[in-house]
Amino acid sequence: MKTTIVKTLLLLTLVLTLAGCSSDDNAPAIAQPVAETILGKWYAQGYKIKDQGYQTVVHLCAANRNYTEFTETHMIQRGFNAQCEVTNDLNAEYVLGKSSSANDFYDMIDSDKMFRIITLNNKTLILRTDITGLDGFGTEIDFYYTRE
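Residues numbered from 1 in each chain as written. Predicted model: local features only at pLDDT ≥ 70, side-chain atom pairs only at ≥ 80, totals over all residues. Heavy atoms only, no water.

Once that is clear, we can look at the state of the cysteines. Per the stated rule, a full pass over the model turns up one disulfide. The side chain of Cys61 participates in a disulfide bridge whose partner is Cys84; the two sulfur atoms lie 2.0 Å from each other. Every disulfide takes its handedness from the sign of the S-S torsion; for Cys61 and Cys84 that torsion is 95 degrees, giving right-handed. Here Cys84 lies in the loop between strand E4 (74-80) and strand E5 (86-96) and Cys61 lies in the loop between strand E2 (54-56) and strand E3 (67-70), a separation of 23 residues in the sequence. (Disulfide = S-S within 2.5 Å. Helix = DSSP H or I, 4+ residues; strand = E, 2+ residues; numbered from the N terminus.)

Following this line, the structure appears as structure tokens:
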């Protein structure tokens, strides 16, 4: 299951503003329109596995932080090692609002993954998905991003 989480974490850019505190609960609701607000580069901050604590993403390269960039049709993710070499380079199509909620998006690389936008404003993006581990049970994971 740890491998699955790590792969998903990398899929969301070693994924993923917030310091894992209760102020997340007070974040503004989803900004509208979602399609315009999500566009651009988002820097990975951390992740939180359900019933576990917040984990900060360690950016190994001082010159380049791990990020996910949303264009109108693609999600581009880059992760960097300590030598500032690209270790995660993905380019996936996505569709906003593919499910019943306009705040969901569907990642075309891993067709069984649905991500829900929990928080989206000009500075903060929190995405939630369920990961099925080797034991067959799902685990909820939130990915935290920020942009400058």
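What follows continues from the structure just given.
Here the focus is the nonpolar core. Counting 17 residues, the largest nonpolar core has Ile38, Trp42, Phe70, Ile117, Leu120 and Leu125 as its most contacted members. Taken together, the elements giving at least two residues each to this core come down to helix H2 (34-38), strand E1 (40-49), E5, strand E7 (114-120), strand E8 (124-132) and strand E9 (138-146). (Core = buried A, V, L, I, M, F, W, Y, C linked by side-chain atoms within 4.5 Å. Buried < 20%, exposed > 50% of the residue type's maximum accessible area, 1.4 Å probe, protein only.)

Attention now goes to the pairing of E4. When you tally the buried positions in E4, you get five out of seven residues, the bulk of the element. Sheet topology note: the E3/E4 ladder contains four bridges and is antiparallel. What sits directly across from Glu69, in E4, is Ile76. Between the end of E3 and the start of E4, which pair antiparallel, lie three residues. Pairing of E4 with E5 involves seven bridges; the strand directions are antiparallel. Bridge assignment links Gly79 to a residue of E5, and that residue is Asn88. (Pairing = 2+ DSSP bridges.)

This part is about the packing of aromatic side chains. In this structure the tally under the stated criterion is three aromatic pairs. Ring centres of Tyr54 and Tyr144 lie 5.0 Å apart, and the angle between their planes is 80 degrees; on these two criteria the pair is classed as edge-to-face. Here Tyr144 lies in strand E9 and Tyr54 lies in strand E2, a separation of 90 residues in the sequence. Each member of the pair, Tyr54 together with Tyr144, is buried. Ring centres of Tyr67 and Phe80 lie 6.5 Å apart, and the angle between their planes is 35 degrees; this geometry places the pair in the tilted category. Note that Tyr67 is positioned in strand E3 and Phe80 in strand E4, a separation of 13 residues in sequence. Taking the relative accessible area as the measure of exposure, Phe80 reaches 9% and is therefore buried. A network of ring pairs unites the aromatic residues Tyr43, Tyr67 and Phe80 as a single cluster. Positioned above the aromatic ring of Tyr67, the side-chain terminus of Lys41 is 4.3 Å from the ring centre. When the ring centre of Tyr43 is taken as origin, the NZ or CZ atom of Arg65, which lies over that ring, is 3.8 Å away. (Phe/Tyr/Trp six-rings, centres within 6.5 Å; stacked < 30°, edge-to-face > 60°. Lys NZ or Arg CZ within 6 Å of the ring centre and 35° of its normal.)

This part covers the environment of His59. Its location among the elements puts His59 in the loop between E2 and E3. Between the alpha carbons of His59 and Tyr43 there is a distance of 9.8 Å; along the sequence they are 16 residues apart. Excluding anything up to four places from it in sequence, His59 contacts Ala44, Arg65 and Asn66. In this structure the side chain of His59 is engaged in a polar contact, spanning 3.0 Å, whose partner is the backbone nitrogen of Asn66. (Contact = heavy atoms within 4.5 Å. Polar contact = N/O pair within 3.5 Å; in protein donor to acceptor, adjacent residues only side chain to side chain.)

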